[in-house]
Amino acid sequence: MNNIQKLMVPEPDPHFFLSEDVIESMNRIGLLSERHPVNVLIAGKQGCGKSSLARQFAARNNRPLATFQIGMLSEPGQLFGEHALKDGETYYRKFLFPEAIQTEGCVIHLEEINRPEHPKALNMLFSVLSESRHIFTDELGHIQVADKVVFFATLNEGDEFVGTEMLDAALRDRFYVTLLDYLPREVETRVLVLKTGIDEKDALTIVNVANQLRDNTREPIIVSTRHTLMIAEMVSVGASIEKAFSIGLQISLDMLESVLLSLHVESKKRIGAYHGRNYLRY
Ligand SMILES: Nc1ncnc2c1ncn2[C@@H]1O[C@H](COP(=O)(O)OP(=O)(O)OP(=O)(O)O)[C@@H](O)[C@H]1O
Ligand SMILES: [Mg+2]
């Protein structure tokens, strides 16, 4: 698992936007990590930019990134390596995780930390994330977390109460917590324009429809920033907005039509205030 992945500094995304607040926090995390390894927990809705934040933190700080799916772990030692067979002999094959934590300044993204398949799978992570920053395994001996390492754990806000007893009790305590949400309307619109090249009017319509669906309290539909980007891309190659929504989200045309109609009525009576002022390029 993950042993094909290499430790590389990720590409910067020139169009990644964050609130000033979060940018400040990230800069401080960078400073703290010069003193000792740091743990950061990013919580937020599906597709709101959590993985991108870990990636862009690495890119901005010129650090290698390694990502691990904690949600897929089914036993404690699985991150470290496995016994394998070669020419009829068994040997221990070391995975990327022990290498990453021993690499100075590495950014280590632990995805879906709130839902490992097996709760004990988190056990070995605890020691790495705790003050000692040290772990012993039978196969690899003592492993010490290198200087300047930053752990970014991400969890989906909606899943927060799935298998989180351990997270609450022992893990949450060890993290700086940052909450992310979908971008304000104006900023998301700008991101769609910058990343897909569609015109601003179309981008705004996509974001307005998305926000209506997100805010619909009776039947909320998850429309992630990933979705709005996919829909915008579809539009950039000639699809109508209706078509792009129905293929991107599988919502019925009836529902879409009623949202578009209500937007049309609404836009006549309301000129929105600008809410994106404190958002900047990261
Ligand atoms: N603040 C942002 N600025 C620019 N693009 C963004 C932003 N947030 C998200 N995106 C874009 O939206 C897409 C989804 O983001 P990402 O994969 O980081 O979300 P996530 O929260 O990790 O999703 P998941 O919950 O599925 O793990 C990416 O293509 C990313 O570039
Ligand atoms: Mg993610």
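Keep in mind that what you see is a predicted model, and the values were worked out from it rather than measured. (Residues numbered from 1 in each chain as written. Chains lettered and ligands numbered in written order. Predicted model: local features only at pLDDT ≥ 70, side-chain atom pairs only at ≥ 80, totals over all residues. Heavy atoms only, no water.)

**Student:** How do you make sense of the site of ligand 1 when you look at a structure like this?
**Tutor:** If you check the shell around ligand 1, you find 20 residues, and the closest are Phe-17, Lys-50, Ser-51, Ser-52 and Arg-226. Here Phe-17 contributes a backbone N or O atom positioned 2.7 Å from a nitrogen atom of ligand 1. Within the backbone of Gly-49, one N or O atom sits 3.1 Å away from an oxygen atom of ligand 1. A total of 630 Å² of accessible area belongs to ligand 1 in isolation, and the protein chains cover 84% of it. If you list the elements that add at least two residues to the shell around ligand 1, you get helix H2 (50-60), helix H6 (185-196) and helix H8 (225-236). The residue makeup of the shell around ligand 1, split by class, is six nonpolar, eight polar and six charged. Residues lining the shell around ligand 1 come from more than one domain, with at least three contributed by each of domain 1 (17-180) and domain 2 (185-267). (Near = heavy atom within 4 Å. Polar contact = N/O pair within 3.5 Å; in protein donor to acceptor, adjacent residues only side chain to side chain. Areas by Shrake-Rupley, 256 points an atom, 1.4 Å probe, with all protein chains shown as cover. Helix = DSSP H or I, 4+ residues; strand = E, 2+ residues; numbered from the N terminus. Nonpolar A, V, L, I, M, F, W, Y, C, P; charged D, E, K, R; others polar. Domains from an automatic or database assignment.)

**Student:** For this particular structure, what's the right way to read the pattern of salt bridges?
**Tutor:** Between side chains of opposite charge, pairing is possible as soon as their charged atoms come close. Tallying each qualifying case throughout the model produces eight salt bridges. For Glu-34, the salt bridge identified is with Lys-148, shortest N-O distance 3.4 Å. In this pair, Glu-34 sits in the loop between helix H1 (20-33) and strand E2 (38-44) while Lys-148 sits in the loop between strand E8 (141-144) and strand E9 (150-156), placing the two residues 114 residues apart along the sequence. When the shortest N-O distance is used, the salt bridge between Lys-148 and Glu-104 registers 3.7 Å. On the criterion of sequence distance, the pair formed by Lys-148 in the loop between E8 and E9 and Glu-104 in the loop between helix H3 (96-101) and strand E6 (107-111) is long-range, its members being 44 residues apart. Lys-148 sits in the partly exposed class, given a relative accessible area of 26%. (Salt bridge = Lys/Arg side-chain N within 4 Å of Asp/Glu carboxyl O. Buried < 20%, exposed > 50% of the residue type's maximum accessible area, 1.4 Å probe, protein only.)

**Student:** Explanation requested: the sheet that holds strand E3 (residues 65-69) in the structure shown.
**Tutor:** Each strand in a sheet pairs with another by means of backbone hydrogen bonds, the pair being arranged parallel or else antiparallel. Strand order in the open sheet formed by five strands is E3-E6-E9-E2-E10, and the pairing between neighbours is parallel. The strands lining the two open edges of the sheet, one partner per strand, are E3 and strand E10 (176-180). The average undirected angle you get between the axes of adjacent strands in this sheet is 20°. As paired elements, E3 and E6 share five bridges and run parallel to each other. Residue Phe-68 lies in a different strand from E6, and its bridge partner there is Leu-110. (Pairing = 2+ DSSP bridges. Axes fitted to C-alpha atoms, helices over the stretch in contact; angles between N-to-C directions.)

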